[in-house]
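# Coordinate analysis (summary)
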Amino acid sequence: MSASPPPPSPPKRRISEPRTPLRGSFFAPAAPAGFVDLACPPAACSGGSAPARGSATRLLVGRCDASGVSLPEPGTVSAPGRVHALGRFDSDCLQGRLADALPAELRASLRGGFDWYACRGAFFHNDAHYADVLFGAWCAGGPPRDIVFARAGFRLRLAPGDWVVFDPFEPHAVLDRGAERYRREDYENAPPSVYIGFELALDGPVRRAFGIGAAPADAPLLASHVAVNAETGCLA
């Protein structure tokens, strides 16, 4: 899920509207967040000016109430397979709810501000330009779909209210339930899924919680210049 990460900013004491027409809303009860171990060895992640590091060995998943939030108009989501950025917004209410849903040791790592994203399925890719954060995807509306991590052989169903935090270097896709490969024709006329994007700063507590260490020797390299097979997620 792609967009340039904003610089860190202090918590904002205002609410501004998304820069898109709005419609709809969703509600989901909160559920405790939990970590999921990935069944693959860490890769070496190289991006930006930071030293190479190991990839995260865990995901964080949860479910959180976001009632009263209006969804952006997804009419601009024309091309299937791509994640479309639909605008940035701020909400103290959502910020507080999400912080409360995170493990206590990670709440201070949550960056301010949110981004709207939508896709009609998404082919396998990584987001290695997010060099100094872990990425969160909070499903806000549209049909439930699976986020699939090819290297780990792991998939997670995201319905409205569900969220996941993962390493953006890890190749991933958004696929229909049970789909093993991305096939463009499956999403040509499909309705879009809508997500709220958020970020955790890659600080000490986040590194410890997600099992991020030094770049392993002789490990596969994950980086912007390393090609990912769009259909299967295999590294070139």
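Refer to the structure printed above.
The following paragraphs examine the structure supplied in this document. (Residues numbered from 1 in each chain as written. Predicted model: local features only at pLDDT ≥ 70, side-chain atom pairs only at ≥ 80, totals over all residues. Heavy atoms only, no water.)

### Considerations on the overall build of the protein chain
In terms of helices and strands, the protein chain carries 2 helices and 16 strands. Classification of the 236 residues of the protein chain by burial places 51% in the buried group. Counting every atom, the protein chain has about 10,100 Å² of accessible surface; 54% of that belongs to carbon and sulfur. (Helix = DSSP H or I, 4+ residues; strand = E, 2+ residues; numbered from the N terminus. Buried < 20%, exposed > 50% of the residue type's maximum accessible area, 1.4 Å probe, protein only. Areas by Shrake-Rupley, 256 points an atom, 1.4 Å probe, with all protein chains shown as cover.)

### Examining the sheet that holds strand β12 (residues 154-158)
Ordered in space as β9-β14-β11-β12, the 4 strands form an open sheet in which the pairing is antiparallel. Of all the strands in the sheet, just β9 (122-125) and β12 have a single pairing partner and so form its edges. Each neighbouring strand pair of the sheet contributes to a mean axis angle of 20°, computed without reference to strand direction. Relative to β12, strand β11 (residues 145-149) is paired through 5 bridges, and the arrangement is antiparallel. What sits directly across from Phe149, in β12, is Phe154. (Pairing = 2+ DSSP bridges. Axes fitted to C-alpha atoms, helices over the stretch in contact; angles between N-to-C directions.)

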